[in-house]
Amino acid sequence: MFVCHGNICRSPMAEFIMKDLVRKENLTSQFVIASSATSTEEIGNPVYPPARAELKRHNVYCYDNKYAVQLKKSDYDKYDVFVVMDSNKSLNTQPCK
């Protein structure tokens, strides 16, 4: 699980880059890769267009149906690794609902 403030730039970019790397190694069935936000500001918004364009520039596919979601307490049971995209945000991952 990649985590950033809004889940429209950094964490979805990391999600899709990791999915691309895993796909190229034929390991997709061995990973569950996702991204989420610590805040509610962008929930429901799509990936930021410049972020999507940068992924495309590097031939990394970004799903059209990716919308910002907030990190939930249940995510801690689902994912083994959390990559927080900003050291300032690591504190925000503690009080999940």
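Use the structure listed above.
Residues numbered from 1 in each chain as written. Predicted model: local features only at pLDDT ≥ 70, side-chain atom pairs only at ≥ 80, totals over all residues. Heavy atoms only, no water.

**Comments concerning the environment of lysine 19**
Okay, so step 1: Turning to its location among the elements, lysine 19 is positioned in helix H1 (residues 10-24).
Okay, so step 2: Once the C-alpha coordinates of lysine 19 and alanine 34 are considered, the two residues, 15 residues apart in sequence, prove to be 8.8 Å apart.
Okay, so step 3: Each residue touching lysine 19, except ones within four places of it in the same chain, is listed here: Ile33 and Tyr63.
Okay, so step 4: A distance of 2.7 Å separates the side chain of lysine 19 from the side chain of glutamate 15, its partner in a polar contact. (Helix = DSSP H or I, 4+ residues; strand = E, 2+ residues; numbered from the N terminus. Contact = heavy atoms within 4.5 Å. Polar contact = N/O pair within 3.5 Å; in protein donor to acceptor, adjacent residues only side chain to side chain.)

**Overview of the packing of H1 against helix H2 (residues 49-57)**
Okay, so step 1: Packing of H1 against H2 leaves a shortest axis separation of 10 Å and a crossing angle of 20°. Classed by the angle they form, the pair H1 and H2 counts as roughly parallel. Between H1 and H2 the crossing geometry is right-handed. Counted together, Met13, Phe16 and Ile17 of H1 and Ala51, Glu54 and Leu55 of H2 form the full contact between these two elements.
Okay, so step 2: Of the residues belonging to the contact of H1 with H2, the class tally is five nonpolar, no polar and one charged. (Axes fitted to C-alpha atoms, helices over the stretch in contact; angles between N-to-C directions. Parallel < 35°, antiparallel > 145°, perpendicular 65-115°, else oblique. Left-handed = near helix turned anticlockwise from the far one by under 90°. Nonpolar A, V, L, I, M, F, W, Y, C, P; charged D, E, K, R; others polar.)

**So, the side chain of asparagine 7**
Okay, so step 1: Here asparagine 7 shows up in the loop between strand E1 (2-4) and H1.
Okay, so step 2: A distance of 2.9 Å separates the side chain of asparagine 7 from the side chain of serine 11, its partner in a polar contact.
Okay, so step 3: Within the local environment of asparagine 7, its side chain forms a polar contact with the side chain of lysine 66, the two groups lying 3.4 Å apart.

**Section: the sheet that holds E1**
Okay, so step 1: Pairing is parallel across the open sheet formed by three strands, whose spatial order is E2-E1-E3. What marks the edges here is a single partner per strand, and that holds for strand E2 (35-37) and strand E3 (83-84).
Okay, so step 2: In this structure, E1 lies alongside E2, joined through three bridges in parallel fashion. In the sheet register, phenylalanine 2 faces E2, and the bridge partner there is serine 35. (Pairing = 2+ DSSP bridges.)

**Let's talk about the packing of aromatic side chains**
Aromatic ring pairs: the centre-centre distance and the angle between the two ring planes describe each pair.
Okay, so step 1: Summed over all chains, the structure comprises four aromatic pairs.
Okay, so step 2: Ring geometry for tyrosine 61 versus tyrosine 63: centroids 5.3 Å apart, planes at 80°, classification edge-to-face.
Okay, so step 3: For tyrosine 61, a relative accessible area of 55% translates into the label exposed.
Okay, so step 4: The class for tyrosine 63 is partly exposed, based on a relative accessible area of 34%.
Okay, so step 5: Seen from their ring centres, tyrosine 79 and phenylalanine 82 are 6.3 Å apart, and the 80° between their planes marks the pair as edge-to-face.
Okay, so step 6: Tyrosine 79 gets classed as buried once you look at its relative accessible area, which sits at 10%.
Okay, so step 7: Following the ring pairs from residue to residue traces out a cluster consisting of Phe16, Tyr61 and Tyr63. (Phe/Tyr/Trp six-rings, centres within 6.5 Å; stacked < 30°, edge-to-face > 60°. Buried < 20%, exposed > 50% of the residue type's maximum accessible area, 1.4 Å probe, protein only.)

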